[in-house]
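Below are the chains, spelled out letter by letter.
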Amino acid sequence: MNKLKCIYAIAAFLFAAAAFAQEKGTVFVDASEFPLYGKCIENTSGRYERLPMAYKDISREALWNLGRNSAGLYVRFRSNSTVITARWKPTKHHMAHMTDVGDNGLDLYILTEKDGWRFAGSGFLWKETEVRTKQLVKDMDPVMREYMLYLPLYTNLESLELGFDEGSVYEGPVVPSPKSGSPIVMYGSSILQGGCANRPGMAFTAIIGRRLDREVINLGFSGNAVMDYEIAELMTQVENPAVFVLDYVPNSAVDRIEERGEKFFRILRDKHPAVPVIFVEDPTYPHSWFDNRIRKEIETRNAAQRALFLKLKKAGEKRIYYVSTKGMIGDDGEATVDGVHFTDLGMMRYTDHILPVLKKALRR
């Protein structure tokens, strides 16, 4: 009889525990409670935007609007919650050749002792709603973990909240990773902004950040990397930059490179004379194997970029580096979604291609 009572007691306890787990609520916290990384300066037009408010009256409208995208930004926090939920409100933005996760979604990584940062879950919904709520990862053990949440690449993020188990601990990060003391600042086109990564963490600026364990600032402006001087001025405002990467060639015609390239560089160099600068060529797009006009454009733009680099080198400039198109995204034609914008494969190949030069520049 006593044994039977014991079984009943255990069963009742388990039932109560299960009921409690089901009733356990979610506490939503505004993400402004946690640090945000990936910005040139803190005082921008909105928390999840990349340009200062003053640029609204200075920059071209297309550039200003793209600067409101949250590309390259990420939130860091830690928690022992068994579930991490996100509730966010993106502006509606859809590109036919890019996933909604990359456009408007979120991307969660967890720091592991053995493998560093590992993907844990992405934020998207099958049915579009104005405000989205998604469990990014669940059913975890209640132990403290460090998290990094990448924000959307091609939308304006109007609000963001993070959800945790009621009664759990949630706070700012303890581990300084990626290290933010001396960021890499990258300027470029739609490809650099993240087109067309499947999810934000697969943009090559994000991959580079994890590989080098260093903050990377994404100044990619889709179709608008035409060397607006105010962007160079913004780059100079970054505190203690490690290296500047200039990857504007996909958007800049030959005359633009010849007219603006040196002055854009001088703005950076005059403010930060010891900071390395990397010049990057246009990728050799797969369809240029067949399209004669595109092939000629790539060749002439890259020739102009190379001529600028050699001119600076001849003038005695030190700490400047060059990344050639050769081998940038492989030679099999399989690294893009549309002949131009990178798939995740293209993002990985680009990262592998530029990393040796980045590491060399950082050592110097």
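None of the values given here were measured: they were computed from a predicted structure.

Enquirer: Hey, could you run me through the packing of aromatic side chains in this one?
Expert: Two descriptors summarise a pair of aromatic rings, namely the distance from one centre to the other and the angle between the planes of the rings. Tallied over the full model, the rule gives 17 aromatic pairs. Geometrically, the ring pair formed by Phe164 and Tyr170 is stacked, given 4.8 Å between the ring centres and 10° between the ring planes. One aromatic cluster is present, formed by Phe34, Phe77, Tyr147, Phe164 and Tyr170 through successive ring pairs. Sitting above the plane of the Phe119 ring, Arg199 keeps its charged end 3.9 Å from the centroid. We note Arg260 situated over the ring of Tyr229; from NZ or CZ to the ring centre the distance is 4.4 Å.

Enquirer: How do you make sense of the pattern of salt bridges when you look at a structure like this?
Expert: For side chains of opposite charge, pairing can occur when their charged atoms come near one another. One pass over the full model with this rule turns up 22 salt bridges. For Glu146, the salt bridge identified is with Arg78, shortest N-O distance 3.3 Å. With Glu146 in strand 8 (residues 145-150) and Arg78 in strand 3 (residues 74-79), the pair connects residues that are 68 residues apart, well separated along the chain. The exposure classification of Glu146 matches that of Arg78, with both residues buried. Of the charged contacts, one joins Arg269 and Glu317 as a salt bridge, the two residues approaching to 3.1 Å between their closest N and O atoms.

Enquirer: Is there a simple way to explain the nonpolar core in this structure?
Expert: The tendency in soluble globular proteins is for nonpolar side chains to be buried side by side. Grouped together as the largest cluster of nonpolar side chains are 45 residues, with contacts concentrated most on Ile184, Met186, Phe204, Ile208, Ile278, Ile354 and Leu358. Per-element accounting of this core gives the leading share, 7 residues, to helix 9 (residues 344-363). Among residues more than four places away in sequence, those in contact with Leu358 are Ile184, Ile208, Leu212, Val243, Val245 and Ile278. If you look at the next biggest cluster of nonpolar residues, it comprises 36 residues, including Leu51, Leu66, Val185 and Leu308.

Enquirer: Just to check I follow, could you spell out the side chain of Asn156 for this structure?
Expert: With respect to the secondary-structure elements, Asn156 resides in the loop between strand 8 and strand 9 (157-165). Its relative accessible area of 15% is what places Asn156 among the buried residues. Side chain to side chain, Asn156 and Asn69 meet in a polar contact 2.9 Å long. Setting aside chain neighbours within four positions, we find Asn156 in contact with Asn65, Arg68, Asn69, Lys89, Pro90 and Thr91.

Enquirer: Just checking my understanding: could you explain the environment of Val323 for this structure?
Expert: Note that Val323 resides in strand 15 (residues 320-323). It is 9.5 Å that separates the C-alpha atoms of Val323 and Asp247, two residues lying 76 residues apart in sequence.

Enquirer: I keep staring at the pairing of strand 8 and nothing clicks. Help me out?
Expert: Burial analysis of strand 8 places 6 of its 6 residues in the buried class, which makes it a mostly covered element. Judged by which residues are buried, strand 8 turns out to be covered on both faces: Arg145, Tyr147 and Leu149 on one side and Glu146, Met148 and Tyr150 on the other are all buried. In this sheet, strand 8 lies alongside strand 3 in antiparallel orientation, the contact comprising 6 bridges. The residue bridging Ser79 from the neighbouring strand is Arg145, located in strand 8. The sheet contact formed by strand 5 (residues 106-112) and strand 8 spans 4 bridges and is antiparallel. Counted as the bridge partner of Ile110 is Tyr147 from strand 8.

The rules we used
- Residues numbered from 1 in each chain as written.
- Predicted model: local features only at pLDDT ≥ 70, side-chain atom pairs only at ≥ 80, totals over all residues.
- Heavy atoms only, no water.
- Phe/Tyr/Trp six-rings, centres within 6.5 Å; stacked < 30°, edge-to-face > 60°.
- Lys NZ or Arg CZ within 6 Å of the ring centre and 35° of its normal.
- Salt bridge = Lys/Arg side-chain N within 4 Å of Asp/Glu carboxyl O.
- Helix = DSSP H or I, 4+ residues; strand = E, 2+ residues; numbered from the N terminus.
- Buried < 20%, exposed > 50% of the residue type's maximum accessible area, 1.4 Å probe, protein only.
- Core = buried A, V, L, I, M, F, W, Y, C linked by side-chain atoms within 4.5 Å.
- Contact = heavy atoms within 4.5 Å.
- Polar contact = N/O pair within 3.5 Å; in protein donor to acceptor, adjacent residues only side chain to side chain.
- Pairing = 2+ DSSP bridges.

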